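Per-entry structural report
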Amino acid sequence: MTDTTTAAGQAAPAGEPGPLDEMILASLAGPHARFAERHGRAIRFHTDVAPFAAMAGGPGRWPWDDLATLVGPGGGVALFHVTEDPPPGWQVELRAGLVQMIATGRFVSAPEPEARRLTRADVPAMLDLVERTQPGPFRPRTIELGAYLGIFDGPRLVAMAGERMRAGGYTEISAVCTDPAYR
């Protein structure tokens, strides 16, 4: 296992996960604790916020029973870093790779006059854009996790991006999408 660098630039001890190794767990135990639902060693976001869950444990020690109780019959969750097959009673609907990109430099930003901060009133337009572009999981209350910016053409939201999970000084940029007609 390689060392993980923390937001402060210090390496996490070898063999111990850093905040980016356990982003869901770190986010729900820290900055987004108010959005957490827990049972035993399983934790997830409220279902109207995000589909993500995490379990404390590790390969061969995942608390699947705790997660099953938390999720309930017929419920589903998205897990990161759980590569082993789940026990009987679970069904894998999608298995995909995960690429984590980290900005390490300082960036100069300039205001974008067409972009504006999105609010709860914009959620229907955000959900419509997500449906048209499929950038990944976005739920009615995802906007509560951080700032989202949007660009409109008249009343129509045509592009957006925002902040989702936070942990150890890192912020995940999410829901980056542009209406196909404006690409």
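A brief structural summary. (Residues numbered from 1 in each chain as written. Predicted model: local features only at pLDDT ≥ 70, side-chain atom pairs only at ≥ 80, totals over all residues. Heavy atoms only, no water.)

Details of the pairing of strand β5 (residues 148-153)
How we decide: Here the term buried applies to any residue with accessible area under 20% of the maximum for its type, exposed to any over 50%, and partly exposed to those in between, with areas from a 1.4 Å probe on protein chains only. Numbering of helices and strands runs from the N terminus; a helix is a DSSP stretch of H or I covering at least four residues, while a strand is a stretch of E covering at least two. Only strands that DSSP links by at least two bridges are regarded as paired with each other.
Burial of β5 is one-sided: the residues Tyr148, Gly150 and Phe152 facing one way are buried, the residues Leu149, Ile151 and Asp153 facing the other way are not. One ladder, built from three bridges, connects strand β4 (residues 115-117) with β5; its direction is antiparallel. The residue bridging Arg117 from the neighbouring strand is Leu149, located in β5. The pairing of β5 with strand β6 (residues 156-167) spans six bridges and is antiparallel. Bridge pairing links Tyr148 to Gly162 in β6. Where β5 folds back onto β6 in an antiparallel hairpin, the turn is made up of two residues, including Gly154, whose phi is positive at roughly 65°.

With respect to the sheet that holds strand β3 (residues 53-55)
Using the following cut-off: In this description, a line fitted to the C-alpha atoms serves as the axis of each element, helices being fitted only across the stretch in contact, and the angle between N-to-C directions of two axes falls anywhere from 0 to 180 degrees. Only heavy atoms matter for contacts: two residues are in contact if any of them lie within 4.5 Å across the pair.
Taken in spatial order, the three strands of this open sheet run β1-β2-β3, and their pairing is antiparallel. Two strands lie at the open edges of the sheet, namely β1 (36-39) and β3, each paired on one side alone. With strand direction ignored, the average angle separating the axes of adjacent strands in the sheet is 20°. Pairing of strand β2 (residues 42-45) with β3, which is carried by three bridges, proceeds in the antiparallel orientation. Looking across to β3, one finds that Ala42 is bridged to Met55. Sheet strands touched by helix α2 (residues 64-71): β1, β2 and β3. Its angle to β2, the strand with the most contacts, is close to 35°.

Focus on α2
Where we set the bar: In this description, the arc belongs to the directions extending from the helix axis to the C-beta atoms.
Taken as a whole, α2 has its buried residues at Trp64, Asp66, Leu67, Leu70 and Val71. All buried residues of α2 lie within an arc of 155° about the axis, which places them on one face of the element. Exposed residues lying more than 90 degrees from the buried face of α2 are Asp65 and Thr69. For α2, the elements touching its buried residues are β1, β2 and β3.

A word on the pattern of salt bridges
Defined as follows: A side-chain nitrogen of Lys or Arg and a carboxyl oxygen of Asp or Glu constitute a salt bridge if their distance falls within 4 Å.
Scanning all chains against the criterion turns up eleven salt bridges. Two residues, Arg95 and Asp85, come together in a salt bridge whose shortest N-O distance is 3.0 Å. Residue Arg95 is located in the loop between α2 and β4, and its partner Asp85 is located in the loop between α2 and β4; the two are separated by ten residues in the primary sequence. The class of Arg95 is partly exposed, set by a relative accessible area of 48%.

Thoughts on the side chain of Thr142
Rules: Counting of polar contacts relies on pairs of N or O atoms within 3.5 Å, with two restrictions inside protein: one atom must be capable of donating a hydrogen and the other of accepting it, and residues adjacent in sequence are counted only when both atoms are side-chain atoms.
Along the polypeptide, Thr142 turns up in the loop between α3 (123-133) and β5. Its relative accessible area of 1% is what places Thr142 among the buried residues. In this structure the side chain of Thr142 is engaged in a polar contact, spanning 2.8 Å, whose partner is the backbone nitrogen of Arg139. Setting aside anything within four residues of it in sequence, one finds Thr142 in contact with Asp48, Val49, Tyr148 and Arg164.

A word on the environment of Trp90
One can find Trp90 in the loop between α2 and β4. Note: C-alpha distance between Trp90 and Gly76 (14 residues apart in sequence) is 9.1 Å. In contact with Trp90, other than residues within four places in its own chain, are Trp64, Leu67, Ala68 and Val71.

Topic: the sheet that holds β4
Spatial strand order, β4-β5-β6-β7: four strands in an open sheet with antiparallel pairing. With partners counted over all chains shown, the strands left at the sheet margins are β4 and β7 (170-178), one partner each. On average, each strand axis in the sheet is tilted by 25° relative to the strand beside it, whichever way the strands run. As paired elements, β6 and β7 share six bridges and run antiparallel to each other. In the sheet register, Met160 faces β7, and the bridge partner there is Cys177. Along the sheet face, α3 touches β5, β6 and β7 and points at about 95° away from the line of β6.

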